[in-house]
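Chain residues, written in single-letter form:
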Amino acid sequence: MVPTHDSRWHAAGTEIRAAFSRAGRWTHGLLLAGEWTWLRITAWVLGFIVLLIAAFFVWLYFLDWNTMRGPVSRWASRKLHREVHINGNLNVHIFSWTPRVSASGVTVANPDWAKQKQAADVDHLAFSFRLVPAIFGDAILPLVQLDRPDIVVLRRADGVTNWEFGSGNTGWNLPPIQRFLVRDGHLRIEDRVRHLVFTGTVSSQENADGGRSAFELTGDGTLNANKFAAEIHGGPLIHVDASKPYAFTADVRSGATHLAADGAITHPFRLGQFVAEARVSGGNLSNLYDLTGLAMPQTAPYRIAGELTRDGTIWRFANFSGTVGSSDLHGNLVVDASGAKPFVSGGVKSTVLDFKDLGELFGGKSQTAVAAGRLLPDIPLHLDRLRQMDADVDYDAATIRSRDFPLRGVHTHIALKDAVLTLKPLAFQFAYGKLAGSLKIDARKAVPQTFVDARITDMKIEQFIAKPPAATGTLEARAQLTGSGTSVQAVAASSNGPVTFVIPRGQFNEKLAEWTGIDLFNALFAGDKAQTNLRCAVAHFDTRDGDMRVERGVFDTDPVRIDAKGDINLKDETLRMTVEGQPKEFRIGRLRAPIAVDGPLAHPAIGIKPGGVVVQGVAAVALGFLFPPAAILPFVDPGLEKDANCAGLLTEAKAQGTPIKAKALRSAPRSH
């Protein structure tokens, strides 16, 4: 009859009790005989220890490991900081040079705040380790196997997670694994901080024929509704030498974003240390946020390559170069992940920046906005991402291509600290002149606030006007605006603050000046290229809740003073302005009708307000009826308008912050 498990336990117990009885009689005999010596004491102690060790191994040999599921579960719970249960069989094959441990039905509980009950549910877990190295504290795992694991990783909006590994952002330091198998693994990640959701499967295997790509780790699923796929290949794990780099290749795709890398783990298996040649491409740099957690600007399609290294919490993307649309990009970036938020620093440069590649930087226009003919982008920007990182980066472009502006170059320093983004200085160099200032976006609140302080200095207006230019001169300007919202259109529609444009002195087309006063005779007979002095021009707007109202609009030429009134509404992007020229000299054939500029900003209509002309016509008919030669009198203007006090206007504009030079103030003409 085959002995049962219980009968073997009974026989082993009988033998142990008999051995203790014999040891006791032997010791008692020594004492009675008076032969107790230190040598015999030592022999007795050693014998007793050997006996205990033997008894321990006998106990291990016959141990039913299922009775140890409770102690093992409690030990694992302390290690993982989560309640762990082994619901199936626990088997340990200890009497081997490579002991093996396996467990079925392993579950790791979620904290109370999580909706899902389990953080992990593993159908079967097995691993083996080399006994001799383990005795000396050196773990080597010939096998790690996970069958049908179902893992859930959660992070709340306050940063609390359902897993606490204790390794921070340094990367896991794993012992050498010679065979790593994951069969039919399922993974779900919900990150409320990054607004990221991933669901997919994970598997790993080794090809039987080995070779350079013997090890393979694959994953697929969806990342924020985008199709996701990843493959990592490496050499046979069984040949890994912990003192030599372990080469790998990686290929990751998320929607249109593609990341490929060829590199090596510097010290296997310290996953926090590696170096790789990385290539990344996609339709928009901002989409890298899903993979990296870093807030990038919205751009045209890109393709960039460089050296990617990781040393614990420090990531480096060095000597990278590539293209964004038709612009080039190169530089060095460092990401420090040691803190609560990643910190990005470095410098980025472009030899040629095509301005259209920055169109998405300012958001895009929805189909509704395009259909309505609006100019300001209304697609919301991902400003909430500014809360997830800090940054200190310089950007320079040596040459700029622009369809609308004669730009030469740009320089800015980008600082992001505690959800406050600052671009200071933000300097654009034109062919003649410079636009400089600062831009600040405060995203600490639910609705971000934007602050703009811009100065235009030494800007030649003729570079913006088709030849022959209607006007020449130097433009100086200042804008100080604040607004709130998540798009350019929303910020503009809520903006407040002053905006001032000044031309201290210049030249103006004489025919155009006469037409603003609708001086028909002089306008018709003035030469197309004839110029007159532009004594000064000042346009000051007071912006309130997106409505830019003209507080002062004067364009003073030698023959005509031109005044402007009205407003620019940034909410509906409409323009309501009237321009009227008042002659300073005697004129015949003048129509007293201001010019109206009305309609959408994208395509305003220019016309004449007929009210004054009607009155002139009625008066002319009446006078003509009484005395025909007198019919011309309503169309005669004695030209009594005075020169504008340019010195006073410029001084006032200077006090409002417009960068007018002292020389221009001293030479500004006063009214006569």
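What counts, and where the lines are drawn
- Residues numbered from 1 in each chain as written.
- Predicted model: local features only at pLDDT ≥ 70, side-chain atom pairs only at ≥ 80, totals over all residues.
- Heavy atoms only, no water.
- Helix = DSSP H or I, 4+ residues; strand = E, 2+ residues; numbered from the N terminus.
- Areas by Shrake-Rupley, 256 points an atom, 1.4 Å probe, with all protein chains shown as cover.
- Buried < 20%, exposed > 50% of the residue type's maximum accessible area, 1.4 Å probe, protein only.
- Salt bridge = Lys/Arg side-chain N within 4 Å of Asp/Glu carboxyl O.
- 1 Å grid on protein atoms, 1.4 Å probe; cavity = no way out; pocket = protein on both sides within 12 Å on 5 of 7 lines; lining within 4 Å.
- Points joined across faces, edges and corners; volume = space filled by probe spheres on them.
- Pairing = 2+ DSSP bridges.
- Expected span 1.5 Å × (residues − 1).
- Arc of directions from axis to C-beta.
- Contact = heavy atoms within 4.5 Å.
- Polar contact = N/O pair within 3.5 Å; in protein donor to acceptor, adjacent residues only side chain to side chain.
- Disulfide = S-S within 2.5 Å.
- Core = buried A, V, L, I, M, F, W, Y, C linked by side-chain atoms within 4.5 Å.
- Phe/Tyr/Trp six-rings, centres within 6.5 Å; stacked < 30°, edge-to-face > 60°.
- Lys NZ or Arg CZ within 6 Å of the ring centre and 35° of its normal.

A few words now on the overall build of the chain. Scanning the chain for helices and strands turns up 12 helices and 32 strands. For the chain, the exposed area adds up to about 36100 Å²; of that, 61% sits on carbon and sulfur atoms.

Locating S128 in the fold gives a position in strand β4 (residues 118-128). A relative accessible area of 8% places S128 in the buried class.

With that settled, consider the pattern of salt bridges. It is possible for side chains of opposite charge to pair when their charged atoms get near one another. Within this structure, the stated rule accounts for 25 salt bridges. R544 is the salt-bridge partner of D542, the closest N and O atoms lying 2.9 Å from each other. In this structure R544 comes out as exposed when scored by relative accessible area, which is 60%. The closest approach of N and O atoms between D547 and R549, which form a salt bridge, is 3.3 Å. Classification of D547 as buried rests on a relative accessible area of 18%.

Under the definition given, this model contains 1 cavity of 30 Å³ or more. Space inside the largest cavity adds up to approximately 40 Å³. If you go around the largest cavity, the residues you meet are T500, V538, H540, R552, L649, E652, A653 and Q656. Listing elements by their share of the lining of the largest cavity, those giving two or more residues are β25 (531-544) and α11 (646-655). The element contributing the most residues to the lining of the largest cavity is α11, with 3 residues.

What follows concerns the pairing of strand β14 (residues 314-324). As paired elements, strand β13 (residues 302-311) and β14 share 9 bridges and run antiparallel to each other. If you follow R303 over to β14, its bridge partner there is T323. The turn linking β13 back onto β14 is made up of 2 residues, and G312 within it adopts a positive phi angle of 70°. The sheet contact formed by β14 and strand β15 (residues 327-336) spans 9 bridges and is antiparallel. Bridge pairing in β15 places F320 opposite G331.

Taking 1.5 Å per residue as the helical rise, helix α3 (residues 69-80) with its 12 residues ought to reach 16 Å, and the 16 Å between its terminal C-alpha atoms agrees with that figure. Three or more residues of α3 are buried, namely S73, A76 and S77. Angular distribution of buried residues about the axis of α3 spans 105°; they occupy a single face of the element. In α3, the exposed residues that point more than 90 degrees away from the buried face are R74, R78 and K79. Lining the buried residues of α3 we find β1 (84-86). Once α3 ends, the next one or two residues include H81, with phi positive near 60°.

As paired elements, β15 and strand β16 (residues 343-354) share 7 bridges and run antiparallel to each other. Residue pairing across strands places L333 opposite G346, the latter belonging to β16. Of the pairings in the sheet, the one linking β16 to strand β17 (residues 390-401) comprises 11 bridges and is parallel in character. When the bridges of β17 are listed, L353 appears paired with I400.

Once that is clear, we can look at the side chain of T658. Looking at the element boundaries, T658 is found in the loop between α11 and α12 (662-667). Polar side-chain contacts of T658 include one of 3.1 Å to the backbone oxygen of A653. For T658, the residues in contact, after removing those within four places along its chain, are E476, A477, R478, T500, V502 and A653.

Taken as a whole and assessed by the stated rule, the structure comprises 1 disulfide. Put simply, C536 and C646 are joined by a disulfide, and their sulfur atoms are 2.1 Å apart. Because the sign of the S-S torsion sets the handedness, a value of about -80° for the bond joining C536 and C646 places this disulfide among the left-handed ones. With C536 in strand β25 and C646 in helix α11, the pair connects residues that are 110 residues apart, well separated along the chain. Grouping residues by exposure puts C536 and C646 together as buried.

Below, the discussion takes up the nonpolar core. In this structure, I304 and V344 are the most contacted members of the largest nonpolar core, which totals 49 residues. Among the elements that make up this core, the one with the highest residue count is β17 (5 residues). If you look at the next biggest cluster of nonpolar residues, it comprises 15 residues, including L63, W65, V92 and V122.

It is worth spelling out α11 at this point. Structurally, the α-helix is built with 3.6 residues per turn, so residues lying three or four positions apart point the same way. For α11, the full list of buried residues reads C646, A647, L649, L650 and A653. Along the axis of α11, the buried residues cluster in a sector spanning 165°; they form a single face. Two residues or fewer after α11 comes G657, characterised by a positive phi angle close to 100°.

This part takes up the packing of aromatic side chains. Tallied over the full model, the rule gives 9 aromatic pairs. Seen in terms of ring centroids, F248 and F274 are 6.2 Å apart; in terms of plane orientation they differ by 85°. Their pairing is edge-to-face. Of this pair, F248 sits in strand β10 (residues 246-254) while F274 sits in strand β12 (residues 273-282), placing them 26 residues apart in sequence. A relative accessible area of 15% means that F248 is categorised as buried. Relative accessible area serves as the criterion here: at 15%, F274 is assigned to the buried category. Following the ring pairs from residue to residue traces out a cluster consisting of F248, F274 and W315. Here the basic side chain of R156 rests over the ring of W113, its NZ or CZ set 4.9 Å away from the ring centre. A cation over a ring is seen here: K440 above F451, with NZ or CZ 4.9 Å from the ring centre.

Bringing unusual backbone geometry into the picture now. Note the cis peptide between P268 and F269, where omega equals -5°. Looking at where F269 falls in the secondary structure, it is placed in the loop between β11 (257-265) and β12. Here the bond from K424 into P425 is cis, since omega is -5°, no more than 30 degrees from zero. By secondary structure assignment, the location of P425 is in strand β19 (residues 420-430).

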